[in-house]
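Residues per chain are reported as follows:
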Amino acid sequence: MTAPYLIVDAHEDIAFNAIVLGRDPRRAVQETRAQEPPKGVDGIATSGLPNLLAGNVRIVFATLYVSPHTNPNPANKTYQTPEEAQTLAQEQLAYYALLAADPRIALITSRADLKRIVESPEPRLGLVILMEGADPIVKPQDVGKWHEGGVRLIGPAWSQTRYSGGTGKPGPLTPLGKELMREMTRAKFILDTSHMAEESFMQALDLFEGTVVASHSNVRKFVPTDRQLSDDMIRALVKRDGVIGAVFYNQFLRHQWRQNGAAKNAVTFATVIEHMKYICDLAGSTRHCGIGTDFDGGFGMEATPKEIDTVSDLQKYGNALADAGFTDADIRGIMGGNWLRVLERALPA
Ligand SMILES: [Zn+2]
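Computed from a predicted model, the values in this text were never measured in an experiment.

**Focus on the overall build of the chain**
Right, on to step 1. Summing up its helical and strand segments, the chain has 13 helices and 11 strands in all.
Right, on to step 2. The C-alpha radius of gyration of the chain comes to 18 Å, within 12% of the 20 Å expected for a compact globule of 349 residues.
Right, on to step 3. If you line up the chain on its principal axes, its C-alpha atoms span 50 × 45 × 45 Å.
Right, on to step 4. For the chain, the residues scored as buried account for 60% of the 349 residues in total.
Right, on to step 5. The contacts in the chain between residues at least 6 apart in sequence include a share of 70% that link residues at least 24 apart.

Set out below in C-alpha cells:
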C-alpha cells in the first residue's frame, strides 16, 4: 500500500463557520450533520478535524472572513465600518489561537512550524491564517500588526473592498489599495489574488513584489464569470511562480451548474481535472496547481463533485489524477507539494 498523499487545502472558512454558523471544527462531519437540519446550515457540512486528519490534510489556509453589510445572507454578522470589520476579524483570529490549544492543531507562522507539521509522525493539522477581504485592515500601515498576530496571506478583495475591485465589482485598486501593496511587500505577506477584479489584480502584481497566489480560483474559460481566472491572470501567476487552488464547488466548476438543475453527480473529479489541465497546459508544467476547496464556504457537500462526501475523500482526487495519467511526483505536487514550496519560500524562518 502506498503512503497517503500529504494534502494542503488552501481555503476553508473555519472561524467564520464556528463563530457565525455555530460549527465546532473539532467535531467530525458526521457529528455536525447529526446536530443540524438535513440540509445543514449553509449546506451539508463537509469538513471537520477528524475527517481532515483521516484524509491526511495536514495544512489548511484558514480564513479571517467577515461579511460586508451588503451580503444578503441574514445569518452573517456584518460590518459597516472598517473598525467593525477589524473587531470581527480579531475575534476570528482569537478563535484560531483557541483552537491551537488542541494538541491536534497548530498555527503555522514560520518555516519551523511548517516543518514540525509536515514531519509529525501523528497526523496533525497546521493552520496558515489568510485574511479574505482586507477591510479589517483599518489603514495599510496596520499590516505589521496583523503579521505579528499570525496572519500570513492577505486577499485584498472579496466583493469590493476599500482597497480593491472584487467579485461582481470590477475596477482598479484604490489609492489605499496601492498603499496596501507596498506595505504588504514590506511586511513580507503573501498576496492572495482570488476574488480580485482583473484590473485590480494586474495593478497589484505590478506593485506587490512578494509571493503571489490564488488560494481558491478556477478557470474562466470554462466558467465565464469574473470570480474565475482569465488566461492572462493565469499566465501572470505562473510568471510569478504562484500556485492556484482548485475550488471544489460545482457552481465554479461547471458553467451555470445551479441554474441547470443542480445535480451533485453532474460534476466529478474529471471536471476538476479539466480545469487543472488547462492551467498546466498554459503553464507548461504542473507546479502551479494545488487545492483550495472552499469546503463549507457558503455551500455544502451537495454542491461538491460526486466523489466527495467529506474532506477525507480528497485522497481519492489523487487516485483520479493517477488514472488521468499524471506521474506520482506531479500528483504529490498538486495535492500539497506545490503549496509547501510557496510556504517555504514565503514564510519567515
Ligand atoms: Zn472566497
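**Remarks on the packing of aromatic side chains**
Right, on to step 1. Tallied over the entire structure, the rule returns 11 aromatic pairs.
Right, on to step 2. With centroids separated by 5.4 Å and ring planes inclined at 65 degrees, the aromatic side chains of Phe-269 and Tyr-317 adopt a geometry described as edge-to-face. Here the residue Phe-269 occupies a position in helix α11 (residues 269-283), and Tyr-317 occupies one in helix α12 (residues 314-323), the gap between them amounting to 48 residues. Tyr-317 matches Phe-269 in its accessibility class, with the two residues each being buried.
Right, on to step 3. Members of the aromatic cluster, each reached through a chain of ring pairs, are Phe-248, Phe-269, Phe-295 and Tyr-317.

**Notes on the coordination of the zinc ion**
Right, on to step 1. Every protein donor of the zinc ion is listed here as Glu-132 (OE), His-195 (NE2) and His-216 (NE2), and their distances to the metal cover 2.0 to 2.3 Å.
Right, on to step 2. Spacing between the donor residues of the zinc ion along the chain follows E-x62-H-x20-H. Of this pair, Glu-132 sits in strand β6 (residues 125-132) while His-216 is found in the loop between β9 (212-213) and α9 (231-239), placing the two residues 84 residues apart along the sequence.
Right, on to step 3. Note on Glu-132: relative accessible area 5%, which makes it buried.
Right, on to step 4. His-216 sits in the buried class, given a relative accessible area of 1%.

**Points about the packing of helix α8 (residues 198-207) against α9**
Right, on to step 1. For the pair α8 and α9, the least separation of the axes is 11 Å and the interaxial angle reads 20 degrees. On the basis of the axis angle, α8 is roughly parallel to α9. Two packed elements cross with a definite hand, and for α8 against α9 that hand is left-handed. In contact with Glu-198, Phe-201, Met-202 and Leu-205 of α8, α9 contributes Asp-232, Met-233, Ala-236 and Leu-237.
Right, on to step 2. Here the residues of the contact of α8 with α9 are counted per class, giving 6 nonpolar, no polar and 2 charged.

**A word on the side chain of Asp-142**
Right, on to step 1. For Asp-142, the position within the fold is in the loop between β6 and α6 (143-148).
Right, on to step 2. A residue is classified by how much of its surface remains accessible, and Asp-142, at 6% relative accessible area, is buried.

**Quick word on the nonpolar core**
Right, on to step 1. Among the nonpolar cores identified, the biggest contains 86 residues, and Phe-248 and Tyr-317 are the most heavily contacted of them.
Right, on to step 2. Counting residues in each nonpolar core, the second largest holds 20 residues, with Ala-106, Leu-114, Val-128 and Ala-346 among its members.

**Remarks on the environment of Glu-302**
Right, on to step 1. Among the secondary structure elements, Glu-302 is positioned in the loop between β11 (289-291) and α12.
Right, on to step 2. Assessed through its relative accessible area of 31%, Glu-302 is described here as partly exposed.
Right, on to step 3. It is 9.2 Å that separates the C-alpha atoms of Glu-302 and Ala-45, two residues lying 257 residues apart in sequence.
Right, on to step 4. Beyond its immediate stretch of four places on either side in the chain, Glu-302 contacts Gly-43, Ile-44, Asn-250, Trp-257 and Lys-264.
Right, on to step 5. Within the structure, Glu-302 has its side chain in polar contact with the backbone nitrogen of Ile-44 (distance 3.0 Å).

**Section: the packing of α12 against helix α13 (residues 328-346)**
Right, on to step 1. Where α12 meets α13, the axes come as close as 10 Å, and the angle between the chain directions of the two elements is 150 degrees. In terms of orientation, α12 lies roughly antiparallel with respect to α13. Once α12 is placed against α13, the crossing between them reads as right-handed. When α12 is examined against α13, the residues Leu-314, Gln-315, Tyr-317, Gly-318, Leu-321 and Ala-322 are found in contact with a partner set consisting of Ile-331, Ile-334 and Met-335.
Right, on to step 2. Class assignment for the residues of the contact of α12 with α13 results in 7 nonpolar, 2 polar and no charged.

**Overview of the pattern of salt bridges**
Right, on to step 1. For the coordinates displayed, the defined rule picks out 18 salt bridges.
Right, on to step 2. Between Arg-23 and Glu-36 there is a salt bridge; the shortest N-O distance is 2.8 Å. A residue pair is termed long-range when its members are at least 10 positions apart, and Arg-23 in the loop between α1 (14-19) and α2 (29-35) and Glu-36 in the loop between α2 and α3 (49-54) qualify at 13 residues. The burial state of Arg-23 is the same as that of Glu-36; both residues are buried.

Procedures and definitions
Residues numbered from 1 in each chain as written. Predicted model: local features only at pLDDT ≥ 70, side-chain atom pairs only at ≥ 80, totals over all residues. Heavy atoms only, no water. Helix = DSSP H or I, 4+ residues; strand = E, 2+ residues; numbered from the N terminus. Rg over C-alpha atoms; globule rule 2.2 N^0.38 Å. Buried < 20%, exposed > 50% of the residue type's maximum accessible area, 1.4 Å probe, protein only. Contact = heavy atoms within 4.5 Å. Phe/Tyr/Trp six-rings, centres within 6.5 Å; stacked < 30°, edge-to-face > 60°. Donors = N, O, S within 2.8 Å, 3.2 Å for Na, K, Ca; no water. Axes fitted to C-alpha atoms, helices over the stretch in contact; angles between N-to-C directions. Parallel < 35°, antiparallel > 145°, perpendicular 65-115°, else oblique. Left-handed = near helix turned anticlockwise from the far one by under 90°. Nonpolar A, V, L, I, M, F, W, Y, C, P; charged D, E, K, R; others polar. Core = buried A, V, L, I, M, F, W, Y, C linked by side-chain atoms within 4.5 Å. Polar contact = N/O pair within 3.5 Å; in protein donor to acceptor, adjacent residues only side chain to side chain. Salt bridge = Lys/Arg side-chain N within 4 Å of Asp/Glu carboxyl O.

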